[in-house]
Amino acid sequence: MQTTFVLVHSPSVGPSTWAPVAESLERRGHAAVVPDLTGISAGGAPYWPRVVEAVRAATPSDGPVVLVAHSNAGFFLPVIKEGLGDRVVACVFADAHVPPGEGLITTAEKEFLPFLRDLAGPDGVLPRWTDWWDEEDVVAMLPDPAVRIRVAGEQPRLPLDYYTQPIPVPAGWDEVRCSCLWYSPGYSAAAERAAERGWPVTRLPGLHLHQLIDPDGVTEALLKLSRKS
């Protein structure tokens, strides 16, 4: 039975950040889906159950699954895996945060919260993710103007408490094959944590949205990392 690659985007951005890789996988004869998580903040906290439900709704009802998470979507992979059950055969963290083996986590570390609080408006809602950074940094990540407009246009404005709400990490989630695809300098610590846990780590140098710059290279790396050695 065909394996489906489930490409999970960060809720800070949108599904177009994985679309070129999904197309690249399909050209190679693989099934791929990109769940849309842009509406997960509707209705207030907790947010993680809506992430799980959105992924389940987009994923075929049978057959093996490879979960691929980008950026802070990595924090949700354990609960997503639990929601999909034994069908998950591998988890790949693509320039993504690596959660612990069990416990509770949040999508922002304490030292990052002052930065986020300064960005939030009186209503407690943050600007779009690309508006957090200097324009030159965004252009470096997204040099194609059409891609930049598309990515910026679909971003949600998340509430500050999205970054402070606890997310459960079920014990045993990492008993399947786990690996790390590392692009950017900002995720070196995540890559180190993955290596310390004995996971395969592949370096594909680039910036944080490298899957939009080199989708074929990212696709090849995902195929290699998701296979059993």
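Note that the structure is predicted; figures quoted are calculated from it, not measured. (Residues numbered from 1 in each chain as written. Predicted model: local features only at pLDDT ≥ 70, side-chain atom pairs only at ≥ 80, totals over all residues. Heavy atoms only, no water.)

## Structural notes on the sheet that holds strand β2 (residues 31-33)
For clarity, the cut-off: The pairing criterion for strands is at least two bridges between them, as found by DSSP. Here a strand is any run of E in DSSP of at least two residues, a helix any run of H or I of at least four, and the numbering for each starts at the N terminus. Fitted lines through C-alpha atoms give the axes, limited to the stretch in contact for helices. The angle between two N-to-C directions lies from 0 to 180 degrees. The contact criterion used is simple: two residues touch if any of their non-hydrogen atoms lie within 4.5 Å.
In space, the six strands of this open sheet follow the order β2-β1-β3-β4-β7-β8, with parallel pairing throughout. A strand with exactly one partner marks an edge of an open sheet, and here the two such strands are β2 and β8 (201-203). The mean inter-strand angle of the sheet, taken between neighbouring strand axes irrespective of direction, is 20 degrees. As paired elements, strand β4 (residues 88-96) and strand β7 (residues 177-182) share five bridges and run parallel to each other. Considered in β7, the bridge of Phe93 is made with Cys180. Relative to β7, helix α7 (residues 188-196) is tilted by about 150 degrees, and along the sheet it contacts β4, β7 and β8.

## Focus: the pairing of β4
The condition that has to hold: Burial classes: relative accessible area under 20% of the type maximum marks a residue as buried, over 50% as exposed, and values in between as partly exposed (1.4 Å probe, protein chains only). A crossover counts as right-handed when, viewed with the strands pointing away from the observer, the path leading from the first strand over the helix to the second turns clockwise.
Counting buried positions along β4 gives eight out of nine residues, so the element sits mostly inside the fold. With seven bridges joining them, strand β3 (residues 65-71) and β4 adopt parallel strand pairing. The partner of Leu67 across the bridge, within β4, is Cys91. With helix α3 (residues 77-84) bridging β3 and the parallel β4, this β-α-β connection has right-handed handedness.

## Describing the layout of surface pockets
What counts here: Method remark: on a 1 Å grid restricted to protein atoms, a set of points is classed as a cavity if a 1.4 Å probe fits but cannot get out and as a pocket if it is open with protein on both sides within 12 Å along at least five of seven lines; lining residues have an atom within 4 Å of a point. Grid points are joined across faces, edges and corners, and a volume is the space filled by probe spheres set on the points.
Roughly 740 Å³ of volume is contained in the largest pocket. As for the largest pocket, its lining consists of 30 residues, of which Ser71, His97, Trp133, Tyr187 and His208 are closest to the centre. Breaking the lining of the largest pocket down by element, the ones donating at least two residues are β3, α5 (135-141) and α7.

## With respect to the environment of Ala152
Mapped onto the fold, Ala152 is located in helix α6 (residues 145-154). It is 19 Å that separates the C-alpha atoms of Ala152 and Ala42, two residues lying 110 residues apart in sequence. Those residues in contact with Ala152 that sit more than four places away from it in its chain are Arg128 and Thr130.

## Topic: the pattern of salt bridges
Short version of the rule: Here, a salt bridge means any Lys or Arg side-chain nitrogen found within 4 Å of an Asp or Glu carboxyl oxygen.
This model, assessed by the stated rule, comprises five salt bridges. Where Asp216 meets Arg28, a salt bridge forms, and the shortest distance between an N and an O atom there is 3.6 Å. With a gap of 188 residues between them, Asp216 in helix α9 (residues 215-226) and Arg28 in the loop between α1 (19-27) and β2 connect regions that are remote in the sequence. Between Arg197 and Asp174 there is a salt bridge, and its shortest N-O distance comes to 2.8 Å. Here Arg197, found in the loop between α7 and β8, pairs with Asp174, found in the loop between β6 (167-169) and β7; they are 23 residues apart in sequence, far enough to count as distant. Accessibility expressed as a relative area gives 32% for Arg197, which makes it partly exposed. Linked by salt bridges that have partners in common, Arg27, Arg28, Asp216 and Glu220 make up one network.

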